[in-house]
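Structural characterization, general
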Amino acid sequence: MLRRFRLEEPDTIQAASDLLVRFGDAARLYAGGTELLLVMKEGLVRYERLINIKQIPNLNQVKLDNGAISIGALATHRELTVSPVLRESLPALVQMENNVANIRVREVGTIGGNLCFAEPHADPGTLLLVLGAKLIAAKKTGQREIAVENFFRDAYETSLESDELLTEIRIPRPSAAGGLAYLKFGYLERPSVGVAVRVEFNGGEKKWIAEARIAVGCAGPAPRRVEEAEAPLKGKSIQEATHLIDEAGGIAGRASQAISDLHGSQEYKEHIVQVLVKRAFQQAVQKS
Amino acid sequence: MATASSKAAERQTIALSFTVNGRAYDLDVEPHELLLDVIRDRLALTGAKRSCDVQVCGACTLLLDGRPVSACTLPAFEARGKKILTIEGLAENGTLHPLQQAFIEHGGFQCGFCTPGMILTAKLLLDENPDPTEKELKHFMHGNICRCTGYKKIVESILAAAKKMRSGARSGKN
């Protein structure tokens, strides 16, 4: 059961930001509601008002913009799975989105809501970390860009200010000389561990790894890029990197800040991180 | 516009005009009223069930403008101006939908609690993909849980209905 609340339905970003200023902690932004309404039904949080931002036009568009992929924060998970732009430019993101929760959650839940709610056991943030995504936060007086590395502060905590809305996710278009994979594992409804790996090769010859990026999610309070695990792979041939990947995966596990919870013990999650890093690396190399 | 804020939310009503199984309704709802409660308690359509209440099990599945939603976690105001199909609206002129018929013929239910959600989700699957592989079917239906664990018969029922529908015995209702 939901407790009584009032509904505000602004149709501009400015009006939404105004309402956030006016009602402060008594109000919360509402888009898909797939996370928020669950904790409100449980009585874990209580808001006097919800600010439904789905009346603001054009915030769900996915397009190519000046060489970058632009995803509107209100795009639902399903809209991302059927987007021609993403299918062409970023199939790994389509695949990840196609496995978020279930078909009904994907229908209603938005990528912006997913990121802003910052539930630790979520998929998108981890993949965005290896893609170098930038998040656009807007308020009445203007907007700013937040690198995704600086967005997640802790479980359920982001670096958005109290009067800001996430409006857009901007992703540099991945180069053709690279590969990308996101894998997850879990035995409950939400994943225990999610791992994203991206490799870029130099000169298009696929001989040397110019850059490797690895991110781990779900294991700890917030998704994080594990640069400690990337370093050993840099400048290596695929063959050398393949020999080193167990080691890199082990480093990633230890750097993941895994915590013991319902989804597994710290030790278990660290092990799964290692296994998934290896598999994701193999997939990323194959897809390059 | 809202008036000055107070600690307990004040009552607010929202006009909800929508269509359920082809019939138009005009109701007043409060923002916190859930679609499942409106459908079950105010329209007396009790096919959709409350079970997990956290969007995991699919027992409360409805099709909203043809798309699947968990009515247990969707505020009723989200249905403004939309068309809803519940399990009660699936049969046409007393003739069961091929999926309903197949669930009977192939034993696709035990206690029956998950069945309305299973059938509505399967309807959408077959509308989009008339000839799904078992793997595609399982991915699509991943969010519908049968607590009796009667999955084998459910998969058989859906595949049988798909075959029958492909042979043109009856086209799916939108």
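Now for a look at the structure at hand. (Residues numbered from 1 in each chain as written. Chains lettered and ligands numbered in written order. Predicted model: local features only at pLDDT ≥ 70, side-chain atom pairs only at ≥ 80, totals over all residues. Heavy atoms only, no water.)

Our next topic: the packing of helix α10 (residues 238-255) of chain A against helix α11 (residues 266-287) of chain A. All names here are of chain A. Where α10 meets α11, the closest approach of the two axes is 7 Å, and the angle between their N-to-C directions is 150°. Judged by the inter-axis angle, α10 sits roughly antiparallel to α11. Crossing of α10 over α11 shows right-handed handedness. On the side of α10, the interface is formed by Ile238, Ala241, Thr242, Ile245, Asp246, Gly249, Gly250, Ala252, Gly253 and Arg254, while α11 contributes Glu270, Val273, Gln274, Val277, Lys278, Phe281 and Val285. Here the residues of the contact of α10 with α11 are counted per class, giving eight nonpolar, five polar and four charged. (Axes fitted to C-alpha atoms, helices over the stretch in contact; angles between N-to-C directions. Helix = DSSP H or I, 4+ residues; strand = E, 2+ residues; numbered from the N terminus. Parallel < 35°, antiparallel > 145°, perpendicular 65-115°, else oblique. Left-handed = near helix turned anticlockwise from the far one by under 90°. Contact = heavy atoms within 4.5 Å. Nonpolar A, V, L, I, M, F, W, Y, C, P; charged D, E, K, R; others polar.)

Contact with chain A, which involves 36 residues of that partner, is made by 42 residues of chain B. For the pairing of chain A and chain B, the buried interface totals around 3,200 Å² over both sides, and the portion due to carbon and sulfur atoms is 52%. On inspection of chain A and its partner chain B, the count reaches five salt bridges. Across the pair Lys54(A) and Glu78(B) runs a salt bridge whose closest N-O atoms are separated by 2.6 Å. Seen at the junction of chain A and chain B, the total is 17 residue pairs in polar contact (both at pLDDT 80 or more). Those elements that place two or more of their residues in the side of chain A that touches chain B are β1 (6-8), α1 (13-23), α2 (36-41), β3 (49-52) and α6 (103-108) of chain A. Counting residues per element, the side of chain A that touches chain B draws most heavily on α6(A), at six residues. For the side of chain A that touches chain B, the residue count by class is 14 nonpolar, seven polar and 15 charged. (Buried area = accessible area lost by both parts, 1.4 Å probe. Salt bridge = Lys/Arg side-chain N within 4 Å of Asp/Glu carboxyl O. Polar contact = N/O pair within 3.5 Å; in protein donor to acceptor, adjacent residues only side chain to side chain.)

All names here are of chain A. With respect to topology, five strands assemble into an open sheet ordered β4-β5-β10-β6-β7, the strand pairing being antiparallel. Looking along the sheet, the strands with just one partner apiece sit at the ends: β4 (62-65) and β7 (142-147). This sheet shows a mean twist of 25° between the axes of neighbouring strands, independent of strand direction. As paired strands, strand β6 (residues 134-139) and strand β10 (residues 165-172) are joined by five bridges and run antiparallel to one another. Residue alanine 138 lies in a different strand from β10, and its bridge partner there is leucine 165. Contacting β6 and β10, α1 crosses the sheet at an angle of about 125° to β10. (Pairing = 2+ DSSP bridges.)

Residues and elements named next belong to chain A. Across all of its chains, the model carries five aromatic pairs over all chains by this definition. Aromatic pair phenylalanine 117 and tyrosine 156: ring centres 5.8 Å apart, planes at 85°, arrangement edge-to-face. Of the two residues, phenylalanine 117 is situated in helix α7 (residues 111-117) and tyrosine 156 in the loop between β8 (152-154) and β9 (157-158); the sequence distance between them amounts to 39 residues. What makes tyrosine 156 partly exposed here is its relative accessible area of 48%. On the numbers, 6.3 Å between centres and 70° between planes, the contact of tyrosine 187 with tyrosine 268 is edge-to-face. (Phe/Tyr/Trp six-rings, centres within 6.5 Å; stacked < 30°, edge-to-face > 60°. Buried < 20%, exposed > 50% of the residue type's maximum accessible area, 1.4 Å probe, protein only.)

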